[in-house]
Amino acid sequence: MDADSVECPFCGEPGEVYADYDESLPGEQIFVQDCAVCCRPWTVRVHVTAEGELSIAVDRS
Ligand SMILES: [Zn+2]
């Protein structure tokens, strides 16, 4: 599974995180993106470790 692929926490449909984030910047970046299917807002958390590993989580706002 691609790192940008996520599952909508509202409708369960697969989706993609397309918002801008800096994967070379260690730390947590949080932004809101609307689901392309049900239009409800995801809270997207992008976490980049000091080693440059990327993890993405989406939650209901
Ligand atoms: Zn949805």
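Cut-off values and rules
Residues numbered from 1 in each chain as written. Predicted model: local features only at pLDDT ≥ 70, side-chain atom pairs only at ≥ 80, totals over all residues. Helix = DSSP H or I, 4+ residues; strand = E, 2+ residues; numbered from the N terminus. Rg over C-alpha atoms; globule rule 2.2 N^0.38 Å. Buried ≥ 20, exposed ≤ 12 C-beta atoms within 10 Å, placed from the backbone. Pairing = 2+ DSSP bridges. Axes fitted to C-alpha atoms, helices over the stretch in contact; angles between N-to-C directions. Contact = placed C-beta atoms within 7 Å.

Caption draft 1: A look at the overall build of the chain. Secondary structure summary: the chain contains zero helices and five strands in total. Helices and strands appear in the chain in the N-to-C order β-β-β-β-β. The globule rule puts the C-alpha radius of gyration for 61 residues at 10 Å, and the 11 Å found for the chain is close to it. Dimensions of the chain, computed from C-alpha atoms along their principal axes, come out at roughly 35 × 20 × 15 Å.

Caption draft 2: Representation of unusual backbone geometry in the model. One non-glycine residue, Cys 39, lies in positive phi territory at about 65°. Tracing the chain through its elements places Cys 39 in the loop between strand 3 (27-34) and strand 4 (41-48). The class of Cys 39 is exposed, set by 9 C-beta atoms lying within 10 Å.

Caption draft 3: Representation of the pairing of strand 4 within the structure. Bridge count between strand 3 and strand 4: eight bridges; the pairing is antiparallel. The residue of strand 4 that forms the bridge with Ile 30 is Arg 45. The turn joining strand 3 and strand 4, which pair antiparallel and follow one another in sequence, is formed by six residues; a positive phi near 65° is taken by Cys 39. By the bridge criterion, seven bridges tie strand 4 to strand 5 (residues 54-60) in an arrangement that is antiparallel. In the sheet register, Thr 43 faces strand 5, and the bridge partner there is Asp 59. Turn length for the strand 4-strand 5 hairpin, with the two strands adjacent in sequence and antiparallel, is five residues, and the turn residue Gly 52 shows positive phi of about 85°.

Caption draft 4: Spotlight on the sheet that holds strand 3. Strand order in the open sheet formed by three strands is 3-4-5, and the pairing between neighbours is antiparallel. Both edges of this open sheet fall to strand 3 and strand 5, since each of them pairs with a single strand only. On average, each strand axis in the sheet is inclined to that of its neighbour by 20°, with strand direction left out of account.

Caption draft 5: Quick look at the environment of Val 44. You can see Val 44 is positioned in strand 4. When the 19 C-beta atoms within 10 Å are taken as the criterion, Val 44 is described as partly exposed. Residue contacts for Val 44: discarding those within four places in its chain leaves Val 17, Ala 19, Ile 30, Phe 31, Val 32, Gln 33, Ile 56 and Val 58.

Note that every value here comes from positions in space, so none of it alone points to a role or purpose.
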